[in-house]
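# Examination of the molecular architecture
What follows is each chain in one-letter form.
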Amino acid sequence: MDNQPPENIMLSEAMARLAATEKFCRQLFLLSSLQDGQPCWEPPVDLLETDSELLVYLVLPGAKADEVDVHVGNGELIIRGRREPPAELCNATVIRLELPFGRFERRIAIPPGTYAIKRQTVRGHLLIRLCKTEGGALA
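Description of the structure in this document. In this numbering scheme, every chain counts its residues from 1 along its sequence in written order. Local features in a predicted model are, by the rule used here, given only for residues with pLDDT of at least 70; side-chain atom pairs are given and counted only at 80 or more, and totals for whole chains, interfaces and linings are based on all residues. Side-chain measures were taken over the full set of non-hydrogen atoms in the model, leaving aside hydrogen atoms and water.

Here, a strand pair is defined by DSSP locating no fewer than two bridges between the strands. What counts as a helix is a DSSP run of H or I of at least four residues, what counts as a strand is a run of E of at least two, and both are numbered from the N terminus. As summarised here, the arrangement of the three strands in space is β5-β6-β7, forming an open sheet in which the pairing is antiparallel. The sheet terminates laterally at β5 (69-73) and β7 (102-109), the two strands that pair on one side only. Across the sheet, the axes of successive neighbouring strands diverge by a mean angle of 15°, strand direction being ignored. Direction of pairing for strand β6 (residues 76-83) relative to β7: antiparallel, over a ladder of eight bridges. Of the residues in β7, the one forming a bridge with Arg 82 is Arg 103. Lines fitted to C-alpha atoms define the axes here, with helix axes fitted over just the stretch in contact, and angles between the N-to-C directions of these axes take values from 0 to 180 degrees.

And the structure:
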């Protein structure tokens, strides 16, 4: 049992919840500025590495792989695009709206190197394969 006063325990729990909420907002809904000043959100991402490639899974339901801009440079992967709202949104009453739409941008630090970029959709995710080219990527 912790010997801290109850107010310290409550403050610690509140700070942990605030940090978790801030992380969630940053991943899904936080508005940040793009180069052209337009607001955007950040899709959640998983980054995995094998001997031959980096695998980047983004949660972008309904996004088309060929409509997402992907750039690699200076040890950073930049993913930009737009997720359009469903057409039914115009004529429907919203009961719950949790999936963000509009402009998105995600910047991810990656190992320096040279990569060939391949995009595809897999089980509702956008999968970006960064294939390490010979003599390019460092593990």
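As a further point, take the pattern of salt bridges. Put simply, a salt bridge is a Lys or Arg side-chain nitrogen that is within 4 Å of an Asp or Glu carboxyl oxygen. Following the criterion strictly, the structure yields seven salt bridges and no others. For the salt bridge of Lys 132 with Glu 49, the shortest nitrogen-to-oxygen distance reads 2.6 Å. Highlighted residues: Lys 132 in strand β9 (residues 125-132) and Glu 49 in strand β3 (residues 45-49), separated in sequence by 83 residues. Residue exposure (1.4 Å probe, protein chains only): buried if accessible area is under 20% of the type maximum, exposed if over 50%, otherwise partly exposed. In this structure Glu 49 comes out as partly exposed when scored by relative accessible area, which is 39%. The salt bridge involving Glu 98 is made with Arg 96; its shortest N-O contact spans 2.8 Å. Residue Glu 98 is classed as partly exposed on the basis of its relative accessible area of 47%. Overlapping salt bridges bring together Glu 76, Arg 80, Glu 105 and Arg 107 as one network.

Here we come to the sheet that holds β9. Spatial ordering of the open sheet is given by β3-β4-β9-β8, a layout of four strands whose pairing is antiparallel. If you trace the sheet from one side to the other, it starts and ends with β3 and β8 (115-122), each paired once. When strand polarity is set aside, the average angle formed by the axes of neighbouring strands in this sheet is 15°. Here seven bridges tie strand β4 (residues 53-59) to β9, and the two strands are oriented antiparallel to one another. Note on β9: the bridge partner recorded for Leu 55 is Arg 129.

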